[in-house]
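# Coordinate inspection notes
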Amino acid sequence: MKLVHLKKVRVIISLTFFLALLLLFMDFGNVLSPSYTNYFTFLQFIPSAIKFAGLVGLSAAGFIIIMLLTLLFGRVYCSTICPLGTLQDLFSFLSRKLKKKKYYRKKKPYKALRYALLGLAILSLFTGYMIIVIWLDPYSNFGRIITLLIKPIIIFIKNSVAFILIKNRIFYLNPVEIIYPSFYLLLFPLFVFSVVAYLSLKEGRLFCNSICPVGSFLSILSKFSLLKIDIEAKNCIGCKLCERVCKAGCIDRENKAIDFERCVSCYNCFTVCPSEGVKYKLRYKSKKNSALSETDYGKRKFIANTLSYLAIFSSLSYAQRKIVSKLPSKVAIRKKFPVSPPGSLSIEHFKDKCTACHLCVSSCPSQVLQPSYLEYGFIGMMQPMMNYEASFCNYDCIICSQVCPTSAIMPVKLESKKLTQLGKANFIKENCIVYTEGTDCGACSEHCPTKAVNMVPYKNKLVIPEVSDEYCIGCGACEFACPVKPYKAIYVDGNPVHFTAKKKELKKIDVKVDYKGDFPF
Amino acid sequence: MERREFLKKSAAAAIAIGASSTLGNYSNLFAHNFISQKSPYDLVAVKGGEPDIMFDRAIASLGGMKNFVKKGQTVIVKPNIGWDVSPERAGNTNPKLVERIIQHCFNAGAKTVYVFDHTCDNWTRCYSDSGIERVVKGAGAKIVPADSESYYHGITFKGGKVMSEAKVHELILSADVFINVPILKHHGSSKITASMKNLMGIVWDRGYWHQNNLHQCIADFSMYRKPDLNVVDAYLVMKRNGPRGVSKEDLVLMKSQILSTDIVAADAAAAKLYGVEPEDIPYIKAADEMKIGTMNLGKLKIQRIII
């Protein structure tokens, strides 16, 4: 195959991944099967790296595949599989079409910044202080941008069309409720989106070569790649075209050198070169002639930075680790722990593995999974939690555990999920309608799928809820259904470590029905 | 057509559609088609058959569906689809019964039949896992979502003791015929659930009911629009852990069905079938006292069919 065609291949693969992931994150109707998601998420670098660290198995193969690919061809990941990379390419494409940016120039390597952020990200992965990974992982940032910024807009448009149709008795589209987390949570993806959009509109792939830790990690690997892209000095006519189209700004035409570490393998240079002056070469035959990547400054600075950041973050995280009260009130609800999704084993496990990519948030049919603010502490900001103000966990659903790409939510069988106790319901009698109004209610018990919340006799022939901890699975149906405002009369407090609930053993009701006998009236 | 022109035209069309919808057809708002019932019976009770067969027999003794549905009318069939459970758990109305009722409606000449419920669990899962979505579509009726407040319109009604207004699904406002198809079940807070309780599935704010004397609200709301026919599914009856149920062990196969135009009588008969006295269910007693219907089954002409 001619090298000129490589760009087309790259564009096709990247759009496939981009569109597939876009659909997955937009799939608010749960049209797609969860098993389909894994084909596109298992190659995402940081999620698969986390999986790799936790368990060695086929599901962790994505990490190895990407490493091997990089060791063969360099950073092909950045221009094909990474959805945030493709998003940036779309911006760059746009800015070229709008004639805002006609050509690129070579850029500085920003080594200190890159390696400092990479070091922080690695430390963050190993220590479980996920906040850095959450901020920097390109795949997770893409997920949040789509889930929190784009999807609500699409739903809004869909709902508007649906309502016009419904007014005319056409029940083709069904409106979807937009449950929106707090405004502060919106700022997070908005900020990242602005940075990514600005950098890609102005400077091509500068984000990938300055901030992105995956880019930095793969660039180290690509130093040792079997093949590298290089300038063929004898063919080069010095036309400067390659430098102008290089989004990564890694071509130095004057010195006829390419800093392959920063090359994102977009192959634009192959397409524009009129004289076959840019080529894939075997690294170990050719002599090194890269003039750009020599100085190795900033090592000391990097270590100092890392330590100081870590100190700040960890102190902050300890300060925020235990969020005790929600709202002050006479009968205050004191939630000691947030509720992590079924399959996450424990809050610690979840916090250590989750990159807050929001795929579970997008896939959750009941929308109970919502990004957290400070419930997991500062280090877990944006990691999803069960938000029982928004909704409750569907008893017969395990979709979040099927889509999670990082194993933060481990795969669970439906039968064991139904017995997984995420937290326990707590009843505040003083808030309950039966106590305050002296009338029947029972909304909590109605919704309880295990009847851990049972209605027991109270005075004046009334019935009042009673919670049996051992049957409670902490699904939050009771809390969501409780009509008392503003503070609920029943709420779920998370279990730091998930337990197994007891299964209610029921005997068959012994009633003989006489199908031929008389009616009782 | 040029692109610009096309865009202009389609925008104009969209506005026109939108405008027509706001000025839409609510002409028969409140003008319910109270059918002159020529039926010889006030209540029909059937026993011993499959849900669809029992309905065939029962509706025949009420003079057939043509007594309730006229040619070209719009019908709402409102089953209980509140929970994400499979048909053998009997948390929702039996799909076979729903299917047969829809077929009878179309045979009587119904133009459109709508089916919906304001579900408690996630509505898409309730619709599909209850088996009702499949039979509704198969029978040519329309299953309509009811999980968004924008479907609901504020109404007021007279005669209630604690309740005089509610937000009601817009199809209830405009449909000609309303057939209520509850399933008889145990209920943690209202003791049993049948016809009157099933009407909670056509309103938006159920929390209000729970907060303001649930039993009285159930009785009050029956003042608003009495269903033209109530069909109580008592084929497989949940005797404890209702209304959602925990397992199949909660159920008793009773193979029964009750039809009545009197919503209170239907619930009174259902209570008797279930094994409790109607006066022990506060909302049935309240509704009887408010003369919404009668729980005194002795006063009624009852057709009893044993298959």
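Residues numbered from 1 in each chain as written. Chains lettered and ligands numbered in written order. Predicted model: local features only at pLDDT ≥ 70, side-chain atom pairs only at ≥ 80, totals over all residues.

Once that is clear, we can look at the overall build of chain B. Helix and strand counts for chain B stand at eleven helices and twelve strands. Counting across all 307 residues of chain B, residues that qualify as buried make up 57%. For chain B, long-range pairs separated by at least 24 residues make up 76% of all intrachain contacts whose partners lie at least 6 apart in sequence. (Helix = DSSP H or I, 4+ residues; strand = E, 2+ residues; numbered from the N terminus. Buried ≥ 20, exposed ≤ 12 C-beta atoms within 10 Å, placed from the backbone. Contact = placed C-beta atoms within 7 Å.)

In this section: the overall build of chain A. Counting its secondary structure elements, chain A contains 21 helices and ten strands. For chain A, the proportion of contacts with a sequence separation of at least 24, taken over those separated by at least 6, is 74%.

Before going further, it helps to spend a moment on the confidence of the model for chain B. Residues and elements named next belong to chain B. Overall, the prediction assigns chain B a mean pLDDT of 89, with 88% of residues at 70 or greater. For the stretch residues 14-37, pLDDT sits under 50, and the model shows 20 contacts to residues farther than four places along the chain or on other chains. In the predicted assembly, ipTM is 0.86 and pTM is 0.84. (pLDDT = per-residue confidence, 0-100.)

The subject of this paragraph is helix α11 (residues 213-222) of chain A. Residues and elements named next belong to chain A. With eight of ten residues buried, α11 is to be regarded as a mostly interior element. Residues Pro-213, Val-214, Gly-215, Ser-216, Phe-217, Leu-218, Ser-219 and Ser-222 constitute the buried set of α11. Residues of α11 that are buried in the fold lie against α3 (45-54), α4 (61-73), α5 (76-80), α7 (111-127), α8 (131-136) and α9 (138-167).

For the rest of this paragraph, the subject is the nonpolar core. Val-115 and Ala-270 of chain B are the most contacted members of the largest nonpolar core, which totals 231 residues. Counting residues per element, this core draws most heavily on helix α10 (residues 263-274) of chain B, at ten residues. Residue-level mapping places this core at the junction of two domains, with at least three residues from each of domain 1 (3-282) and domain 2 (321-500) of chain A. Apart from residues lying up to four places away in sequence, Val-115 of chain B is in contact with Val-77, Pro-79, Val-98, Ile-132, Val-136, Ala-141, Ile-143 and Val-144 of chain B. (Core = buried A, V, L, I, M, F, W, Y, C linked by C-beta atoms within 7 Å. Domains from an automatic or database assignment.)

With omega at -5°, the peptide bond leading from Lys-485 of chain A into Pro-486 of chain A counts as cis. Within the element layout of this structure, Pro-486 of chain A appears in the loop between α21 (477-481) and β10 (490-500). For the bond running from Gly-242 of chain B to Pro-243 of chain B, omega is 5°, close enough to zero to count as cis. Located in the positive-phi region is Lys-240 of chain A, a residue other than glycine, with phi close to 75°. Structurally, Lys-240 of chain A is set in the loop between β1 (227-231) and α12 (241-245). A count of 12 C-beta atoms within 10 Å places Lys-240 of chain A in the exposed class.

Taken together, the 45 residues of chain B in the interface contact 40 residues of chain A. Breaking the side of chain B that touches chain A down by element, the ones donating at least two residues are α1 (3-22), β1 (43-47), α4 (123-129), α8 (206-211), α9 (214-221), β11 (251-260), α10 and β12 (302-306) of chain B. The dominant element in the side of chain B that touches chain A, judged by the number of residues it contributes, is β11 of chain B, at four residues. Looking at side-chain class alone, the side of chain B that touches chain A contains 15 nonpolar, 18 polar and twelve charged residues. (Nonpolar A, V, L, I, M, F, W, Y, C, P; charged D, E, K, R; others polar.)

Further remarks concern the domain arrangement of chain A. Residues and elements named next belong to chain A. Once the domains are mapped, chain A shows domain 1 (3-282) and domain 2 (321-500). Contact residues are listed per partner, giving 36 residues for domain 1 and 30 residues for domain 2. Of all elements in the fold, only α1 (6-26), α2 (34-41), α3, α8, α9 and α10 (183-203) reach the threshold of two or more residues within the side of domain 1 that touches domain 2. Residue contributions to the side of domain 1 that touches domain 2 peak at seven residues, all from α9.

We now examine the confidence of the model for chain A. Residues and elements named next belong to chain A. On average, residues of chain A score 86 in pLDDT, and 89% of them are at 70 or above. Note on residues 286-297: pLDDT under 50 across the span, and 16 contacts to partners over four residues away in sequence or across chains. Ignoring residues within four places in sequence, the model shows residues 313-329, a span with pLDDT below 50, making 24 contacts including any to other chains.

Residues and elements named next belong to chain B. It is the contact of α9 with helix α11 (residues 282-289), at a shortest axis distance of 8 Å, that shows an interaxial angle of 45°. In this view, α9 runs oblique relative to α11, as classed from their interaxial angle. Considering only the axes of α9 and α11, their crossing is right-handed. Counting all contacts with α9, which are made through His-215, Gln-216, Ile-218 and Ala-219, the residues of α11 involved are Pro-282, Tyr-283, Ala-286 and Ala-287. Residues of the contact of α9 with α11, tallied by class, amount to six nonpolar, two polar and no charged. (Axes fitted to C-alpha atoms, helices over the stretch in contact; angles between N-to-C directions. Parallel < 35°, antiparallel > 145°, perpendicular 65-115°, else oblique. Left-handed = near helix turned anticlockwise from the far one by under 90°.)

In this section: the environment of Lys-108 of chain A. Along the chain, Lys-108 of chain A falls in the loop between α6 (83-97) and α7. Through-space distance from the C-alpha of Lys-108 of chain A to that of Ser-225 of chain A is 22 Å; in sequence the pair is 117 residues apart.

Residues and elements named next belong to chain A. With four of five residues buried, β1 lies mostly within the body of the structure. Pairing analysis gives five bridges linking β1 to strand β4 (residues 278-282), with the strands arranged antiparallel. Its bridge partner being in β4, Ile-231 is matched across the sheet by Val-278. (Pairing = 2+ DSSP bridges.)

This next bit is on the environment of Leu-6 of chain A. Residues and elements named next belong to chain A. Turning to its location among the elements, Leu-6 is positioned in helix α1. On the basis of neighbour count, Leu-6 is assigned to the partly exposed category, with 19 C-beta atoms found within 10 Å. Residues Leu-6 and Cys-266 lie 260 residues apart in sequence; the distance between their C-alpha atoms is 8.5 Å. Non-local contacts of Leu-6, meaning those with residues more than four positions away in its chain, are made with Tyr-267 and Phe-270.

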